[in-house]
Amino acid sequence: MSNELDRLDDFEPADADSEYAEPYFWASDHTVLAEHHTTPNGSHRSFVLAHDRSVTWGPPGEPQIRAIKVTRDLDQNTFTFDSAYHPTVSFAQNWLIERGCPPERISLVDDGFMKPADDLTVRVEQRLRTSGNRYEVLDSYTSDSAPCETWTLTRDSVATQAPIRIFLEEGNFESHTYTLREGAFADEDAARHWLGSRSGPLPQPPKSLGDAAALRSRAALTRSAGASAIPKAGLDAHSAPLAGTAQRPSPGRAM
């Protein structure tokens, strides 16, 4: 794990949550996928994206990707420790971005991790990464063995049709790649029935007026603020994804 997170001995927890969380954090259990640390100036923040290997020994299906944010107050000599587990890298990246991490600082480039198999996977991941609080995660399941997959059951707050969405990530051992696909369902029962039966292909999302409205709103914001004020890694950057985006750990978590 990052040396930056090992250097908390000289700081005191700023609140009860941080005091509770820090003793239960073992750096040796984590493999860093990406990290970013700000330059100390009154406060010093660390953003870490990691795979927690210890999760594989717990209840089956639990999410294994951990997003961590540590903020040190250099004046008060205190720290706050905040973290959350996520089913896939793109959801964890979203969590970190929403808490102030620059998107380009947590892209993944290590050749030891699986790569997106196609452009559609990259586009779906980019949308999840920059979606803010659009998707409410209702449930998820991660499988280490065959089939090597992670599914995430969500509610899309923007969709005007079929608002329950399943994001299905499937790994391929032979090609060392993975695909990510989105399915759309009218309600949660229908989505869970598909997950249980797999009786047909994943239903494709309808073209949503909500999606179009979101894009128009983004375009209007771009025009009003000036192109130079909008980060390149936004909704319009699907054709130019972040370098090495969202590689998941190898199946079986051999990292």
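Everything below is about the structure shown above.
Note that the coordinates shown come from a computational prediction; the quantities given were computed from them, not determined experimentally.

The rules we used
Residues numbered from 1 in each chain as written. Predicted model: local features only at pLDDT ≥ 70, side-chain atom pairs only at ≥ 80, totals over all residues. Heavy atoms only, no water. Helix = DSSP H or I, 4+ residues; strand = E, 2+ residues; numbered from the N terminus. Buried < 20%, exposed > 50% of the residue type's maximum accessible area, 1.4 Å probe, protein only. Contact = heavy atoms within 4.5 Å. Areas by Shrake-Rupley, 256 points an atom, 1.4 Å probe, with all protein chains shown as cover. Pairing = 2+ DSSP bridges. Phe/Tyr/Trp six-rings, centres within 6.5 Å; stacked < 30°, edge-to-face > 60°. Polar contact = N/O pair within 3.5 Å; in protein donor to acceptor, adjacent residues only side chain to side chain.

Engineer: How should I be thinking about the overall build of the protein in this particular structure?
Structural biologist: Looking only at helices and strands, the protein features six helices and 10 strands. Burial status across the protein gives 44% buried among its 255 residues. Residue pairs in contact within the protein that sit at least 24 positions apart in sequence constitute 56% of those at least 6 positions apart. Here the protein has roughly 12900 Å² of accessible surface; of this, 50% comes from carbon and sulfur atoms.

Engineer: Whenever I open this one, the environment of Ser143 confuses me. Can you help?
Structural biologist: Following the sequence through the fold, Ser143 ends up in strand β7 (residues 135-143). Looking at Ser143, the relative accessible area reads 13%, which means it is buried. When the C-alpha atoms of Ser143 and Pro63 are compared, they prove to be 9.4 Å apart, with 80 residues separating the residues in sequence. Among residues more than four places away in sequence, those in contact with Ser143 are Cys148 and Glu149.

Engineer: I tried to follow the sheet that holds strand β9 (residues 164-172) on my own but got confused; where do I start?
Structural biologist: Backbone-to-backbone hydrogen bonds pair the strands of a sheet. The strands run either parallel or antiparallel. The strand order β6-β10-β9-β8-β7 describes an open sheet built from five strands, whose pairing is mixed. This sheet does not close on itself; its edge strands, each paired only once, are β6 (115-116) and β7. The pairing of β9 with strand β10 (residues 177-185) spans nine bridges and is antiparallel. The residue bridging Asn172 from the neighbouring strand is Thr177, located in β10.

Engineer: Explain the packing of aromatic side chains to me, please; I cannot follow it from the model alone.
Structural biologist: We describe a pair of aromatic rings using the distance from one ring centre to the other and the angle between the two ring planes. According to the stated counting rule, one finds four aromatic pairs in the structure shown. Taking 6.1 Å as the distance between ring centres and 75° as the angle between the ring planes, the aromatic pair formed by Phe91 and Phe167 counts as edge-to-face. Within this pair, whereas Phe91 is found in helix α3 (residues 89-98), its partner Phe167 is found in strand β9, the two being separated by 76 residues in sequence. Classification of Phe91 as buried rests on a relative accessible area of 8%. An aromatic cluster is present here, built from Phe91, Tyr135 and Phe167 joined pairwise through their rings.

Engineer: Could you clarify how one ought to interpret the pairing of strand β5 (residues 78-86) in this entry?
Structural biologist: Regular strands have side chains that alternate between both faces of the sheet. The pairing of strand β4 (residues 65-73) with β5 spans nine bridges and is classified as antiparallel. Within the sheet, the bridge partner assigned to Asp73 lies in β5 and is Thr78. A loop of four residues connects β4 with β5, the two strands running antiparallel in sequence, and Asn77 in this loop sits at a positive phi of about 60°.

Engineer: When you look at the environment of Gln126 in this model, what are you seeing that I'm missing?
Structural biologist: Inspection of the secondary structure puts Gln126 in helix α4 (residues 119-129). Between the alpha carbons of Gln126 and Ser90 there is a distance of 7.5 Å; along the sequence they are 36 residues apart.

Engineer: Even after reading the chapter, I still don't get the side chain of His30, so can you show me in this structure?
Structural biologist: Checked against the element boundaries, His30 lands in strand β2 (residues 30-37). Among the polar contacts listed, one links the side chain of His30 to the side chain of Arg66, at a separation of 3.2 Å.

Engineer: Honestly, α3 in this entry has me stumped. Any pointers?
Structural biologist: With nine of 10 residues buried, α3 is to be regarded as a mostly interior element. When α3 is considered as a whole, its buried residues turn out to be Val89, Ser90, Phe91, Ala92, Gln93, Asn94, Trp95, Leu96 and Ile97. Gly100 sits one or two positions beyond α3 and adopts a positive phi of about 105°.

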